[in-house]
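Here are the chains, one letter per residue:
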Amino acid sequence: MKLRLGIPKGSLQEATLSLFTRAGLRVYTNPRSYFAATDDPEIDCLLIRAQEMARYVEHGALDAGLTGLDWVLESGLEVVSVADLIYAKQSMGKVKWVLAVPEDSNFQKPEDLEGRIVATELVTVTRNYFASQKVPVRVEFSWGATEVKPPLLADAIVEVTETGSSLRANHLRIIETVLESNPQLVANQKAWADPERHRRIENLSVMLCGAMAAQGRVGLMLNVRKPHLAAVLGLLPALKNPTVAPLADGEWVAVNTVIEEQNAWALIPKLKQANAQGIVEYPLNKVVM
């Protein structure tokens, strides 16, 4: 039985397809079709809006899918959260759903919006947020272009942002963060309970998480004489400890580690000064913890 997998269509689509490629599984899409092929004949992919993904996973139309935590919470449906995948449309971070108001308004905190209209696509989460703050507001669903609604059509909005640039362009200011969100790999409960489909979903999670862990990191190999090993190791950060292996020449050892790519510029000259030789920096596709 093939694994039925949902890929988020829309703003997260390209970033998700790039992640799958780095993980070693190419997904081939057709702009005229919602179905996609993969290099793995045992996986069928379907392009689904992130807002709907939890519904189809919970119903069993999909065995698993990638969607945001925000839309899982908004749906209120029971799905298995398999893995957190921290990436967004433009960056490798989380997005925020923020409460924003016109920049020239007198609203400074959520309490100031008592009795006012708040427009958002994330209705349930927003209602729960204001209920937790004990602030009665009227939450209205927004079909899009939410940033343009204040002040004429709404007093405030709850909108997703990655950089805040769209809010600033529409003369809005943020007064509170309602929710931080990131993509998740979620699974249908029956599929997760089935040993074979569980194994396939777990394998997919391992590879995707490995690709995420490799992002922004590089491998580093070098040779060093034993008398200088302590000095070299003192310079090296590592996920745990660098791997040290003897060479054919008993006076030398090879050192292998993983570092943040941004540190390589300053680190490699220091390693050279500490008498390391044959230093090789190489890219990583996956780091599986």
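For the structure given in this document, a descriptive report is provided here. Computed from a prediction, not measured in an experiment: that's the story for all the values here.

With that settled, consider the overall build of the chain. Along the backbone of the chain there are 9 helices and 16 strands. Scaling as 2.2 N^0.38, a compact globule of 289 residues should have a C-alpha radius of gyration of about 19 Å, whereas the chain reaches 24 Å, well beyond that. In terms of principal-axis extent, the alpha carbons of the chain reach across some 80 × 50 × 35 Å. Counting across all 289 residues of the chain, residues that qualify as buried make up 44%. Put simply, 68% of the contacts in the chain that link residues at least 6 apart link residues at least 24 apart. For the chain, the accessible area works out to roughly 15,400 Å², and carbon and sulfur atoms hold 52% of it. Within the chain, one finds 30 positive and 33 negative side-chain charges whose respective centroids are separated by 3 Å.

What follows covers unusual backbone geometry. In most cases, non-glycine residues show a negative phi, while peptide bonds are predominantly trans. Of note, the amide linkage connecting P150 to P151 takes the cis form, showing an omega dihedral of -5°. The topology assignment puts P151 in the loop between β9 (138-141) and β10 (156-161). Non-glycine residue K134 carries a positive phi angle of around 60°.

Moving on to the side chain of T38. Structurally, T38 can be placed in strand β3 (residues 35-38). You can call T38 buried: its relative accessible area is 14%. Here the side chain of T38 touches D40 through a polar contact of 2.7 Å, landing on its backbone oxygen. A distance of 3.4 Å separates the side chain of T38 from the backbone oxygen of I43, its partner in a polar contact. For T38, the residues in contact, after removing those within four places along its chain, are L25, R26, V27, Y28, I43 and C45.

Conventions used here
- Residues numbered from 1 in each chain as written.
- Predicted model: local features only at pLDDT ≥ 70, side-chain atom pairs only at ≥ 80, totals over all residues.
- Heavy atoms only, no water.
- Helix = DSSP H or I, 4+ residues; strand = E, 2+ residues; numbered from the N terminus.
- Rg over C-alpha atoms; globule rule 2.2 N^0.38 Å.
- Buried < 20%, exposed > 50% of the residue type's maximum accessible area, 1.4 Å probe, protein only.
- Contact = heavy atoms within 4.5 Å.
- Areas by Shrake-Rupley, 256 points an atom, 1.4 Å probe, with all protein chains shown as cover.
- Lys, Arg positive; Asp, Glu negative; His and termini not counted.
- Charge placed at Lys NZ, Arg CZ, Asp CG, Glu CD.
- Polar contact = N/O pair within 3.5 Å; in protein donor to acceptor, adjacent residues only side chain to side chain.

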